[in-house]
Amino acid sequence: MRTNLIKPGLKAGKSFIGTFSKTTDPAIVEVLALAGFEFTIIDNEHTSMNKESMVNLIRAAEIHNLPVTVRVRESSTADILQALDAGALGVQVPQVESKAEAQKVVDAVKYAPLGKRGYAASQRSARYGTMNPVEYAQLANENSMVAVYCETAASIDNLDEILSVDQVDIIFIGPFDLSQALGVTGQPSHPKVIDAIQMITQKTRAAGKAAGIIAANPAQTRQWLDMGIQYIALSSDLALILNLGKQMLNELGR
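Quick notes on the rules
Residues numbered from 1 in each chain as written. Predicted model: local features only at pLDDT ≥ 70, side-chain atom pairs only at ≥ 80, totals over all residues. Heavy atoms only, no water. Pairing = 2+ DSSP bridges. Helix = DSSP H or I, 4+ residues; strand = E, 2+ residues; numbered from the N terminus. Axes fitted to C-alpha atoms, helices over the stretch in contact; angles between N-to-C directions. Contact = heavy atoms within 4.5 Å. Phe/Tyr/Trp six-rings, centres within 6.5 Å; stacked < 30°, edge-to-face > 60°. Buried < 20%, exposed > 50% of the residue type's maximum accessible area, 1.4 Å probe, protein only. Lys NZ or Arg CZ within 6 Å of the ring centre and 35° of its normal. Salt bridge = Lys/Arg side-chain N within 4 Å of Asp/Glu carboxyl O. Core = buried A, V, L, I, M, F, W, Y, C linked by side-chain atoms within 4.5 Å. Parallel < 35°, antiparallel > 145°, perpendicular 65-115°, else oblique. Arc of directions from axis to C-beta. Polar contact = N/O pair within 3.5 Å; in protein donor to acceptor, adjacent residues only side chain to side chain. Left-handed = near helix turned anticlockwise from the far one by under 90°. Nonpolar A, V, L, I, M, F, W, Y, C, P; charged D, E, K, R; others polar.

Visitor: So what exactly am I meant to see when it comes to the sheet that holds strand β1 (residues 16-21) here?
Guide: Sheet strands pair by backbone hydrogen bonding; their relative direction is either parallel or antiparallel. Read around the closed barrel, eight strands run β1-β2-β3-β4-β5-β6-β7-β8, paired in parallel fashion. In this sheet, adjacent strand axes meet at a mean angle of 25 degrees when their direction is disregarded. Of the pairings in the sheet, the one linking strand β2 (residues 40-43) to strand β3 (residues 68-71) comprises four bridges and is parallel in character. Bridge pairing in β3 links T40 to V68. Contacting β3 and β4 (90-93), helix α4 (residues 77-85) runs over the sheet at an angle of about 150 degrees to β4. The sheet strands contacting helix α10 (residues 191-206) are β5 (145-150), β6 (170-173) and β7 (210-215), and the helix crosses β6 at an angle near 175 degrees.

Here you go:
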């Protein structure tokens, strides 16, 4: 099983810049790794990719030692299990609004005694049954990373309780969903949203956990880094292609 270098890095105060993978072509993941991104998040929430595509993207990431997590569609135990069994080093779970929901995510990610993850030693993450089953469970617990989203009014209200859940590594902030929750839909740079992001980040860091967020561009990435956010998804594969294409055509006057 691969070692998750991001998890201890965050604990040590380091920052990491990755991006979202929304396409199903493994070559794109390889290109992202070669470009220098430090992690990728396979997006199973806002795309229609199937499980087979997800596995192939994970394989492509592993070829280049690119740490990969999966953003699942919901806090479904089955979705979390399949992502981890496929070889993802962690999951990102949207719409987590309470301590109980955060604990449910941890229970789905971790094997006993830390959680209640369904155990099978024959899946891809355990090298199809070739690993020592006791050692595998220990390594899985050590390396699996748990990121829960703070993006609703309820998640803000219950943030202190969510932060009290052991084994939650990252509070991932969703600026667009926050804008909706704060009554300024579609305005992620509104002062209300920025103030909320700063508050979430400060509370998260004080609790000894890392804050994560998406950034639209390098300037915004610097803004989040200066705020103390350590785990930043800079754009996505599709947006990177779109923006570079528009830039080149604009330079040509097209």
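Visitor: Would you mind going over unusual backbone geometry with me for this structure?
Guide: Keep in mind that most residues, glycine aside, have a negative phi and that most peptide bonds are trans. In the segment running from A112 into P113, the intervening peptide bond is cis, with an omega of 10 degrees. Secondary-structure assignment places P113 in the loop between α5 (99-109) and α6 (133-143). The phi torsion at Y128 lies on the positive side, around 55 degrees, for a residue other than glycine. Residue position: Y128 is located in the loop between α5 and α6.

Visitor: Honestly, the packing of aromatic side chains in this entry has me stumped. Any pointers?
Guide: The geometry of an aromatic ring pair is captured by two quantities: the separation of the ring centres and the angle between the planes. Under the counting rule described, the total for this entry stands at seven aromatic pairs. Each ring, one from Y111 and one from Y119, has its centre 4.9 Å from the other, and the planes form 55 degrees; the classification is tilted. Exposure remark for Y111: the relative accessible area of 2% places this residue in the buried category. Linked through ring pairs, F20, F39, Y149, F172 and Y231 together constitute an aromatic cluster. Directly above the aromatic system of F20 lies the positively charged group of K22, at a separation of 5.7 Å from the ring centroid.

Visitor: Just checking my understanding: could you explain the pattern of salt bridges for this structure?
Guide: Close approach of charged atoms lets side chains of opposite charge pair. Counting across every chain of the model gives seven salt bridges. Close ionic contact of D43 with K22 constitutes a salt bridge, the shortest N to O distance being 2.5 Å. Of this pair, D43 sits in strand β2 while K22 sits in the loop between β1 and α2 (26-35), and the two are 21 residues apart along the sequence. Note on D43: relative accessible area 0%, which makes it buried. Across the salt bridge formed by K51 and D79, the nearest N and O atoms sit 3.8 Å from each other. Of this pair, K51 sits in helix α3 (residues 51-63) while D79 sits in helix α4, placing them 28 residues apart in sequence. Note on K51: relative accessible area 27%, which makes it partly exposed.

Visitor: Just to check I follow, could you spell out the nonpolar core for this structure?
Guide: General note: in soluble globular proteins, nonpolar side chains tend to be found buried as a group. By size, the foremost hydrophobic cluster in this structure holds 55 residues, and its most contacted members are I80, I171, I197, W224 and I229. Top contributing element to this core by residue count: α3, with six residues. W224 has contacts with I194, I197, I213, I214, A215, I229 and I232, leaving out every residue within four places of it along the chain. Membership of the second largest hydrophobic core comes to 14 residues, among which are I6, F39, M145 and F172.

Visitor: Before we go on, may I ask you to explain the packing of α10 against helix α11 (residues 218-227) in this structure?
Guide: Relative orientation and spacing of two packed helices are given, respectively, by the angle between their axes and the distance between those axes. Put simply, α10 and α11 touch, their axes get as near as 10 Å, and they point 45 degrees apart. Relative to α11, the element α10 is oriented oblique. Within the contact between the two elements, α10 uses I194, I197, Q198 and T201 and α11 uses Q223, W224 and M227.

Visitor: What should I look at first to understand α11 in this one?
Guide: Along an α-helix, a turn takes 3.6 residues, which lines up residues three or four apart on a common side. Of the residues making up α11, those classed as buried are Q220, T221, W224 and M227. For α11, the angular spread of buried residues about the axis comes to 120 degrees, placing them on one side. Residues of α11 that are exposed and angled more than 90 degrees away from the buried face: A219, R222 and D226. Looking at the packing, one finds that the buried side of α11 touches β1, α10, β7 and β8 (231-236). The N-cap of α11, judged by a side-chain oxygen 3.2 Å from the amide nitrogen of A219 a few residues on, is N217.

Visitor: I would appreciate a short explanation of the packing of α4 against α5 in the present structure.
Guide: At a minimum axis separation of 9 Å, α4 and α5 run at an interaxial angle of 40 degrees. As the angle between them shows, α4 and α5 are arranged oblique. Where α4 crosses over α5, the handedness of that crossing is right-handed. On α5, the residues touching T77, I80 and L84 of α4 are K104, V105, A108 and V109. By residue class, the composition of the contact of α4 with α5 is five nonpolar, one polar and one charged.

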